[in-house]
Amino acid sequence: MTYNGEYFDQVIDRRGTIAGKWDGLEFLYGNSDLIPMWVADTDFRPPREVVDVVIERAKHGIFGYGFYGFPYKEAVIDWHQRRNKITYQKDSIFFTPNVLVSLNNVVRALTEEGDQVLLFNPTYGPLEKEPLFAKREIVRAKLLKEAGYYEIDFNALTQLIEDHQIKLFILCNPHNPTGRVWAEEELIQLVTLCQANNIPIVSDEIHSDLIMPEQHFTPLMKVVRALDYDQVVMLSAPTKTFNLAGIQASYYITDNQDFIKKIDQVKAYSHTGDLLNSFAYLALTKAYEHGADYVDSLTEYLFSNYEYLVEELKPFSFVEVTKLEATYLVWIELSSINLTGKELRTKMVESGVAIQSGDDFFEEDGLFFRVNIGCPRETLEAGVKAIVACLSELAKAEGIE
């Protein structure tokens, strides 16, 4: 099948389908009649082969226990070999329902209660919340922001590591919410620093398929293998790429045999092994077998959406849109606006759109919000119109030209 702008332009009504993005609006925002530009799922159908295999499986009508995922690892291996030029071994791949289950298991396996865990800030909220739930202490390394672009402050990061007893570093690669694709040189410097201090790394790479045009993704595992440092666990899934979060299929990969044993012990205790639901392995396999053209067209479409958003927000001098290198999530800063994140969210709802504010990403140094552009252009235009209306009111209230 051919995927192009027309495919992603289709507006599909998701209301009444137990879609958290749409059906959760009343519960979370107090108004069901909003354009949802908050949670990270798209409004696009996956490749036709994914839909077909799920339909055929459902027609069978019996949904007992599935089979463990060993036969389906080949699809994961082939996908990463073709897309990222890296080879993983079958005995290094393990399945879980989602990356946060994997993260929780890894945190509990590799650290103890009270241990310090390092993350970049701002950060995808659950990456920080999972260690907190596990009673670990969070150490935040602030990213440097210059002209709408984020970089790692290696001087500050080195000092943080010297000043703390860091037992684990959680990396988001590419980074959510800033949309950065970490360059290979940055990753080499980062891994070298962790290696020198014997700090294991967990790399969440769930957005690594959604790389914008002219950008290049480097798997962390490529870097650590070159540096001969095996204290790494990579987390990934097809769920963001192909909008399959409701089917629950993800995996983690590590070459470290000691890590595998420790994680297995936690999985045995928490009953979060490789036994997924009746549709998960089938959907994952078909997505990876038939999804290459889909992803290439999707990223072009998303970047076009991003360019549209940037153009529409240009008239507002107090708005800075972060450069998007990956994901369908755009990070935006508002300067000169005297509001809290909660107040901004309320103002946006009043204008007809649901967004997430910087509070959701532990951002404390300014007023930020994140916008999901993973939707048909018609939906995006309606959402951006509401955002523009809100910004216009804010500018008027603050006396900004």
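The shown structure was predicted, so the numbers you read here are calculated from the model rather than taken from an experiment.

1. Here's the deal with the overall build of the protein chain
Counting its regular elements, the protein chain contains 16 helices and 15 strands. Whereas a compact globule of 401 residues would reach a radius of gyration of roughly 21 Å, the protein chain reaches 21 Å, a difference of no more than 12%. When burial is assessed residue by residue, the protein chain has 56% of its 401 residues classed as buried. By element, 49% of the accessible surface of the protein chain is carried by carbon and sulfur atoms, the whole surface being about 17,500 Å². For the protein chain, the distance from the average position of its 37 positive side-chain charges to the average position of its 60 negative side-chain charges is 5 Å.

2. With respect to the sheet that holds strand S12 (residues 329–334)
Pairing is antiparallel across the open sheet formed by four strands, whose spatial order is S11-S12-S15-S14. In this open sheet, the two edge strands, each paired with only one partner strand, are strand S11 (319–321) and strand S14 (356–357). Direction of pairing for S12 relative to strand S15 (residues 367–372): antiparallel, over a ladder of six bridges. Across the sheet, Leu329 pairs through a bridge with Asn372, a residue of S15. Set on the sheet, helix H15 (residues 341–351) makes contact with S12, S14 and S15; between it and S15 the angle comes to about 45°.

3. What to know about the packing of aromatic side chains
Evaluated as defined, the whole model comprises 25 aromatic pairs. Judged by centre distance (5.2 Å) and plane angle (80°), the rings of Tyr3 and Tyr294 are edge-to-face. Note that Tyr3 is positioned in the segment before helix H1 (5–9) and Tyr294 in helix H14 (residues 292–313), a separation of 291 residues in sequence. Under the relative-accessibility criterion, Tyr3 is labelled buried at 7%. Pairing Trp331 with Phe368 gives two aromatic rings, centres 5.1 Å apart and planes at 10°, and the pair type is stacked. Taken together, the residues Trp331 in strand S12 and Phe368 in strand S15 connect sequence positions 37 residues apart. Summarising the burial analysis for this pair, Trp331 and Phe368 share the class buried. One residue, Lys73, lies across the ring of Phe94, its end atom 5.2 Å from the ring centre. The ring of Tyr29 has Arg345 sitting right over it, with the charged end atom 4.2 Å from the ring centre.

Calculation rules
- Residues numbered from 1 in each chain as written.
- Predicted model: local features only at pLDDT ≥ 70, side-chain atom pairs only at ≥ 80, totals over all residues.
- Heavy atoms only, no water.
- Helix = DSSP H or I, 4+ residues; strand = E, 2+ residues; numbered from the N terminus.
- Rg over C-alpha atoms; globule rule 2.2 N^0.38 Å.
- Buried < 20%, exposed > 50% of the residue type's maximum accessible area, 1.4 Å probe, protein only.
- Areas by Shrake-Rupley, 256 points an atom, 1.4 Å probe, with all protein chains shown as cover.
- Lys, Arg positive; Asp, Glu negative; His and termini not counted.
- Charge placed at Lys NZ, Arg CZ, Asp CG, Glu CD.
- Pairing = 2+ DSSP bridges.
- Contact = heavy atoms within 4.5 Å.
- Axes fitted to C-alpha atoms, helices over the stretch in contact; angles between N-to-C directions.
- Phe/Tyr/Trp six-rings, centres within 6.5 Å; stacked < 30°, edge-to-face > 60°.
- Lys NZ or Arg CZ within 6 Å of the ring centre and 35° of its normal.

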